[in-house]
Amino acid sequence: MSSMKDETFPIFGYELMRDFLLPTILGKHEKDILYWAGKDLARKFPCIDIPLIISFFKDAGWGDLALHKETKDSFIFHLTNNPEQLKIEERNFRLEAGFIAEQIQSFKGVLTECYDEKKTKQNQVIFTVKMDLKEKIE
């Protein structure tokens with residue numbers, strides 16, 4: 001991850017790619033492809049624990065990710081951001097869900113899936129991570 005702590009950058013370029021170009025290119029398969037792209041991105045930028053995943057979200061400009069609840073086989077995260085940047089009504093969050101799933105699968109060593117749920121009125125996205133503790137991953 002870069003050291004862009006205090007730098008600002010225009011989000012217009014990101015929005016062009018994320019909100020207009022990708023949906024056009026990916027069409028009806030956008031959600032599935034973005035989920036798998038998120039998993040691939042996680043393999044390229046491995047995080048060894050939850051605090052690093054949270055830090056990655058901040059550094060990537062995806063928003064403020066917070067661990068809300070943890071059980072033996074699940075995690076629940078909340079993602080918030082400035083409404084103009086989160087764009088919860090227009091955007092899907094499958095890229096982020098795939099990223100979270102792969103990161104946790106990698107350091108927990110079990111099959112993991114992540115589901116996203118938009119809470120439009122609260123301007124937040126809930127990510128529910130489910131782990132199959134019986135299904136080990138090499």
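Placed above this text is the structure.
Residues numbered from 1 in each chain as written. Predicted model: local features only at pLDDT ≥ 70, side-chain atom pairs only at ≥ 80, totals over all residues. Heavy atoms only, no water.

K.L.:
Just give me the short version of the overall build of the protein, but keep the residues and values in it.
P.N.:
Within the protein, the regular secondary structure consists of five helices and four strands. Counting from the amino terminus, helix and strand elements in the protein follow one another as α-α-α-β-β-α-α-β-β. Overall size of the protein, expressed as C-alpha extent along the three principal axes, is 45 × 35 × 30 Å. Residue burial in the protein is summarised as follows: out of 138 residues, 38% are buried. Partitioning the intrachain contacts of the protein with sequence separation of at least 6 by distance along the chain shows that 61% fall at a separation of at least 24. Accessible surface, the protein as shown: approximately 8,500 Å² in total, 56% of it carbon and sulfur. (Helix = DSSP H or I, 4+ residues; strand = E, 2+ residues; numbered from the N terminus. Buried < 20%, exposed > 50% of the residue type's maximum accessible area, 1.4 Å probe, protein only. Contact = heavy atoms within 4.5 Å. Areas by Shrake-Rupley, 256 points an atom, 1.4 Å probe, with all protein chains shown as cover.)

K.L.:
Summarise the pairing of strand β1 (residues 64-71); cite the residues concerned and give the values.
P.N.:
In the sheet, β1 pairs with strand β2 (residues 74-80) via seven bridges, with the strands oriented antiparallel. From the neighbouring strand, Leu65 faces β2, where its bridge partner is Leu79. Where β1 hands over to β2, the hairpin turn is made up of two residues, counted between the paired strands. (Pairing = 2+ DSSP bridges.)

K.L.:
Can you tell me about the pattern of salt bridges, naming the residues and giving the values?
P.N.:
Using the criterion set out here, one finds 10 salt bridges in the structure. Residue Arg94 pairs with Asp116 through a salt bridge whose shortest N-O separation is 2.5 Å. Placement of Arg94 in helix α5 (residues 94-108) and of Asp116 in strand β3 (residues 110-119) is noted, with a sequence separation of 22 residues between them. Among the residues examined, Asp116 registers a relative accessible area of 23% and is labelled partly exposed. By sharing partners, the salt bridges in this structure join Lys39, Asp40, Arg43, Lys44 and Glu102 into a single network. (Salt bridge = Lys/Arg side-chain N within 4 Å of Asp/Glu carboxyl O.)

K.L.:
Provide a residue-level description of the environment of Lys44, including the pertinent values.
P.N.:
Counting through the fold element by element, Lys44 comes out in helix α2 (residues 30-44). For Lys44, a relative accessible area of 57% corresponds to the exposed category. Looking at Lys44, its side chain comes within polar contact range of the side chain of Asp40, at 2.5 Å. (Polar contact = N/O pair within 3.5 Å; in protein donor to acceptor, adjacent residues only side chain to side chain.)

K.L.:
Describe the packing of helix α3 (residues 50-60) against α5, with residues and values.
P.N.:
Where α3 contacts α5, the two axes come as close as 11 Å, and the packing angle between them is 155°. Overall, the two elements α3 and α5 adopt an arrangement that is roughly antiparallel. The element α3 and its partner α5 pack so that their crossing is right-handed. Contacts between α3 and α5 pair Ile50, Ile53, Phe56 and Phe57 from the former with Glu96, Phe99, Ile100, Gln103, Ile104 and Phe107 from the latter. When its residues are assigned to classes, the contact of α3 with α5 shows eight nonpolar, one polar and one charged. (Axes fitted to C-alpha atoms, helices over the stretch in contact; angles between N-to-C directions. Parallel < 35°, antiparallel > 145°, perpendicular 65-115°, else oblique. Left-handed = near helix turned anticlockwise from the far one by under 90°. Nonpolar A, V, L, I, M, F, W, Y, C, P; charged D, E, K, R; others polar.)

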